[in-house]
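Structure assessment
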Amino acid sequence: MLRTEDLLRLEAAWRAQGAPIAGDLAPGLNDAEIDALLAADELMLPAELRRWWGWHDGVRSGVWNEPVSQVGAGSWAFLSLSEALEQRRSEISMGGGGFPADPDDWAGQWAPWWLPVALAGSAYLFADLSAEGEKTPIHLWAQQPDDVFTARFPSFGDVVAGWADGIERGFFVWSAERNEWDTPGNLPTEVLRLV
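This structure is a prediction, so every number in the text was calculated from the model and none was measured.

1. Some points on the pairing of strand S3 (residues 123-128)
Of all the six residues making up S3, six are buried; the element is thus mostly covered by neighbouring parts of the structure. Taking every second residue as pointing to the same face, both faces of S3 are buried, with Ala123, Leu125 and Ala127 on one and Tyr124, Phe126 and Asp128 on the other. Bridge analysis of strand S2 (residues 114-120) against S3 gives six bridges, and the strand direction is antiparallel. Paired with Trp114 across the two strands is Asp128, which belongs to S3.

Printed below as a string of structure tokens:
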């Protein structure tokens, strides 16, 4: 489950690093604003994602303003809810048809119940909104999507806690000189899966 303390840790880590994302965070959305954005797509957001976009709705300058939008782990960028919905619609329209009932028949279609939460080029960390319970499983749509059905993280809270921990432990360091996030050394396995 996404905890408020991990959101605060992540923002404090960005500020401590002097990362530009800390100064460009958009205000969070309230429940009515979230519901209005979701209405056209007839989606329901789980509590974890409501908390995420209620905390900050991406960055003011937009997801494509790199490196300002980058969260620090690899090149993942902070999508606003409207940007996430826009990316979802785009992926669904490119899929060229419905989602197959049998995963063995999958040919690259985007499921209507998937929602991107972070973007890196043409890769996504996406939430499976069809999951039941308090936790929202997070999957990876890689540059070459091959294993989209395996949850990489049991919850979005695990992703955010991992990002905060990776920055706090010095695995991800903001370089003002190069204007980018740096990975100063070899990453342990648990951190490597975040990039």
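2. Quick word on the nonpolar core
Buried together is how nonpolar side chains tend to be arranged in soluble globular proteins. Core analysis: the largest hydrophobic core is formed by 63 residues, its most contacted members being Trp14, Trp52, Trp53, Phe156 and Trp163. Excluding residues within four positions of it along the chain, Trp14 makes contact with Ala19, Ile21, Ala22, Leu25, Trp55, Val71, Phe78, Ile167 and Trp181.

3. A look at the pattern of salt bridges
If you walk through the whole model with that rule in mind, you get 15 salt bridges. Its salt-bridge partner being Arg3, residue Glu5 comes within 3.0 Å of it at the nearest N-O pair. In this structure Glu5 comes out as partly exposed when scored by relative accessible area, which is 45%. The partner of Asp31 in a salt bridge is Arg50, with the nearest N and O atoms 3.1 Å apart. Placement of Asp31 in helix H2 (residues 31-39) and of Arg50 in helix H3 (residues 47-55) is noted, with a sequence separation of 19 residues between them. The network of salt bridges with common partners includes Arg3, Glu5, Asp6, Arg9, Asp165, Glu168, Arg169 and Glu190.

What counts and what doesn't
Residues numbered from 1 in each chain as written. Predicted model: local features only at pLDDT ≥ 70, side-chain atom pairs only at ≥ 80, totals over all residues. Heavy atoms only, no water. Buried < 20%, exposed > 50% of the residue type's maximum accessible area, 1.4 Å probe, protein only. Helix = DSSP H or I, 4+ residues; strand = E, 2+ residues; numbered from the N terminus. Pairing = 2+ DSSP bridges. Core = buried A, V, L, I, M, F, W, Y, C linked by side-chain atoms within 4.5 Å. Contact = heavy atoms within 4.5 Å. Salt bridge = Lys/Arg side-chain N within 4 Å of Asp/Glu carboxyl O.

Just distances and angles here, no functional claims.
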